[in-house]
Every structure is written in C-alpha cells, then in structure tokens.
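If you want the building blocks of each chain, they are given just below.
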Amino acid sequence: QVQLVESGGGLVQAGDSLRLSCAASRRTFSSYAMAWFRQAPGKEREFVAAVTRTGGSTYYEDSVKGRFTISRDNAKNMVYLQMNSLQREDTAVYYCASTGTIRFGYSDQRTYEYWGQGTQVTVSS
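Residues numbered from 1 in each chain as written. Predicted model: local features only at pLDDT ≥ 70, side-chain atom pairs only at ≥ 80, totals over all residues. Heavy atoms only, no water.

Asker: Before we move on, could you go through the overall build of the chain and cite the residues and values that matter?
Answerer: Broken down by element type, the chain carries 0 helices and 11 strands. Reading the helices (α) and strands (β) of the chain from amino to carboxyl end gives β-β-β-β-β-β-β-β-β-β-β. A compact globule built from 125 residues should have a C-alpha radius of gyration of about 14 Å, and the chain, at 13 Å, falls within 12% of that. Evaluated residue by residue, the chain yields a buried proportion of 44% over its 125 residues. Put simply, of all contacts in the chain between residues at least 6 apart along the chain, 57% involve residues at least 24 apart. Counting every atom, the chain has about 6,400 Å² of accessible surface; 43% of that belongs to carbon and sulfur. (Helix = DSSP H or I, 4+ residues; strand = E, 2+ residues; numbered from the N terminus. Rg over C-alpha atoms; globule rule 2.2 N^0.38 Å. Buried < 20%, exposed > 50% of the residue type's maximum accessible area, 1.4 Å probe, protein only. Contact = heavy atoms within 4.5 Å. Areas by Shrake-Rupley, 256 points an atom, 1.4 Å probe, with all protein chains shown as cover.)

Structure follows, in structure tokens:
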C-alpha cells in the first residue's frame, strides 16, 4: 500500500508559477513510477506528466510541454510538479499517482494503482 499526499496548490494569477509536491509513504518509493493527473470542473481526469522509477525519463501532455516539469527525489520519497506560465486552462484539482507496473502506458490512468486526495490549483486572469 502506498499513501500519497499532495501539497502546494493555491490561487495564482495567469503567468505565475507554482510547485506541487507529493509525499509518498512507502520505503520502496524508487520502485514506483509516478505521475500527475488533473481534473477540471465538468471534465474528465487527464494526464499531465509522468516520471520513471529512476527519474531518467519523463512524459508530458502536449499542452504543458515546455511549461511544466516533473521531477522526483527518491531519497526523500517526493515527486514534484513545477508549473510555470500558468494559464486559466490549468485550473483543476491535481492528483499524484503511482504504480509498480506500467500496464497501459504512462499516460493512461488505468496504469496507476495509488492516488492522492488532490490539491486545488486555481489560475485567475
């Protein structure tokens, strides 16, 4: 079992930056691929970014490429999402997710076994 706790959300203006953090409980954190998803009001949850177990590879949804950066610190059991040049369209609840096995690909939410409770990000114009 892995417990994930997100933090760092808030209300910002368009163009601002924000860094989300996700703390994982399991000691074998480095055995899990990690990802961020988001869900805007009235929309389905969508993939944002993922990072492999070692942090050697990262994956991004097209609309956040060049603006968002996912990273992890295996020594601290932490994963981060640095979000720059935020836009109103980035407003959503952001979820951290983890998996020990890549069954459906990094961007497919079915791949992920464990989820955090989410943190709200609101971008005003």
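Asker: I'd like to hear about the nonpolar core, residue by residue, with values.
Answerer: Counting residues in each nonpolar core, the largest one holds 28 residues, and the members touching the most others are Met34, Trp36, Val79, Leu81, Met83 and Tyr94. Of all elements in the fold, only β3 (18-24), β4 (33-39), β5 (46-51), β7 (68-73), β8 (78-83), β9 (92-99) and β11 (119-124) reach the threshold of two or more residues within this core. (Core = buried A, V, L, I, M, F, W, Y, C linked by side-chain atoms within 4.5 Å.)

Asker: Please give an account of the environment of Ala33 that cites residues and values.
Answerer: Relative to the helices and strands, Ala33 is located in strand β4. For Ala33, a relative accessible area of 0% translates into the label buried. Residues Ala33 and Gln82, 49 residues apart in the sequence, show an inter-C-alpha distance of 17 Å. In this structure Ala33 touches Val51, Thr52, Arg53, Arg72, Ala97, Ser98, Thr99, Ile102, Tyr106 and Tyr112, once residues within four positions along its chain are discounted.

Asker: I'd like a rundown of the state of the cysteines, residues and numbers included.
Answerer: Applying the stated rule across the entire model yields 1 disulfide. For Cys22, the disulfide goes to Cys96, at an S-S distance of 2.1 Å. Of note, the bridge from Cys22 to Cys96 carries an S-S torsion of about -80° and is left-handed in sense. Pair noted here: Cys22 is in strand β3 and Cys96 is in strand β9, with a separation of 74 residues, a long-range link. (Disulfide = S-S within 2.5 Å.)

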